[in-house]
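Per-entry structural report
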Amino acid sequence: RALEQLLELSRSLTAGLERGELLDRICESLGLLCEGHASAILHRDGSDLEILCHHGFGPSGPQSKRIPFSTSFSALIMSMGQTGFLENIEFRPELT
């Protein structure tokens, strides 16, 4: 299943899609490859993170399209120079 998803994604990358549609396909593939967990691609814009695409956040999507960088999981991970995975945000209530 993971190989099928990667093959489908690789085909999408060469299909000449618009940026938004391409990002949506990448987010969907990430979510499926991570056993159905929600996924998003974020871009730092000043003191905020802007959600460029997302998948698996439910029918209404994330609560906001912008997140304060200073209280984000991304800021924590980047400050340590590591990669990371947060299985349950409830364990870190100080993070957005």
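Residues numbered from 1 in each chain as written. Predicted model: local features only at pLDDT ≥ 70, side-chain atom pairs only at ≥ 80, totals over all residues. Heavy atoms only, no water.

On to the overall build of the chain. In terms of helices and strands, the chain carries three helices and three strands. Seen in sequence order, the chain has helices and strands lined up from the N terminus as α-α-β-β-β-α. Its C-alpha atoms put the chain at 40 × 30 × 25 Å along the principal axes. With 96 residues in all, the chain has 20% of them scored as buried. Total accessible area on the chain is roughly 7,000 Å²; 54% of this is exposed by carbon and sulfur atoms. On the chain, the mean spot of the 8 positive side-chain charges and the mean spot of the 13 negative ones are 3 Å from each other. (Helix = DSSP H or I, 4+ residues; strand = E, 2+ residues; numbered from the N terminus. Buried < 20%, exposed > 50% of the residue type's maximum accessible area, 1.4 Å probe, protein only. Areas by Shrake-Rupley, 256 points an atom, 1.4 Å probe, with all protein chains shown as cover. Lys, Arg positive; Asp, Glu negative; His and termini not counted. Charge placed at Lys NZ, Arg CZ, Asp CG, Glu CD.)

Once that is clear, we can look at the pattern of salt bridges. Across all of its chains, the model carries four salt bridges by this definition. Note that arginine 25 is salt-bridged to glutamate 21, the shortest N-O span being 3.4 Å. With a gap of four residues between them, arginine 25 and glutamate 21 both fall in helix H2 (residues 19–33), about one helical turn apart. Between aspartate 45 and arginine 66 there is a salt bridge, and its shortest N-O distance comes to 2.9 Å. Residue aspartate 45 is located in strand E1 (residues 39–45), and its partner arginine 66 is located in strand E3 (residues 66–68); the two are separated by 21 residues in the primary sequence. Residue class for aspartate 45 comes out partly exposed when judged on its relative accessible area of 38%. Put simply, Asp45, Asp48 and Arg66 are held in one network by salt bridges that share partners. (Salt bridge = Lys/Arg side-chain N within 4 Å of Asp/Glu carboxyl O.)

Here glutamate 94 lies in the segment after helix H3 (73–80). In this structure, the C-alpha to C-alpha distance between glutamate 94 and serine 72, residues 22 residues apart in sequence, is 8.6 Å. In terms of polar contacts, glutamate 94 uses its side chain to reach the side chain of arginine 92, at 2.5 Å. (Polar contact = N/O pair within 3.5 Å; in protein donor to acceptor, adjacent residues only side chain to side chain.)

Once that is clear, we can look at the confidence of the model for the chain. It should be kept in mind that the predicted coordinates are not to be read in detail where pLDDT is low. On average, the chain scores 85 in pLDDT, and the residues at 70 or more come to 98%. Per-element mean pLDDT across the chain ranges from 73 in helix H1 (residues 2–13) up to 93 in E3. (pLDDT = per-residue confidence, 0-100.)

Let us now look at the state of the cysteines. Linking two cysteines covalently through their sulfur atoms gives a disulfide. For the structure shown, the criterion picks out one disulfide. The residue that forms a disulfide with cysteine 27 is cysteine 53, at a sulfur-sulfur distance of 2.1 Å. Between cysteine 27 and cysteine 53 the sulfur-sulfur dihedral comes to about 65 degrees; the bridge is accordingly right-handed. With a gap of 26 residues between them, cysteine 27 in helix H2 and cysteine 53 in strand E2 (residues 48–55) connect regions that are remote in the sequence. Among the residues examined, cysteine 53 registers a relative accessible area of 2% and is labelled buried. (Disulfide = S-S within 2.5 Å.)

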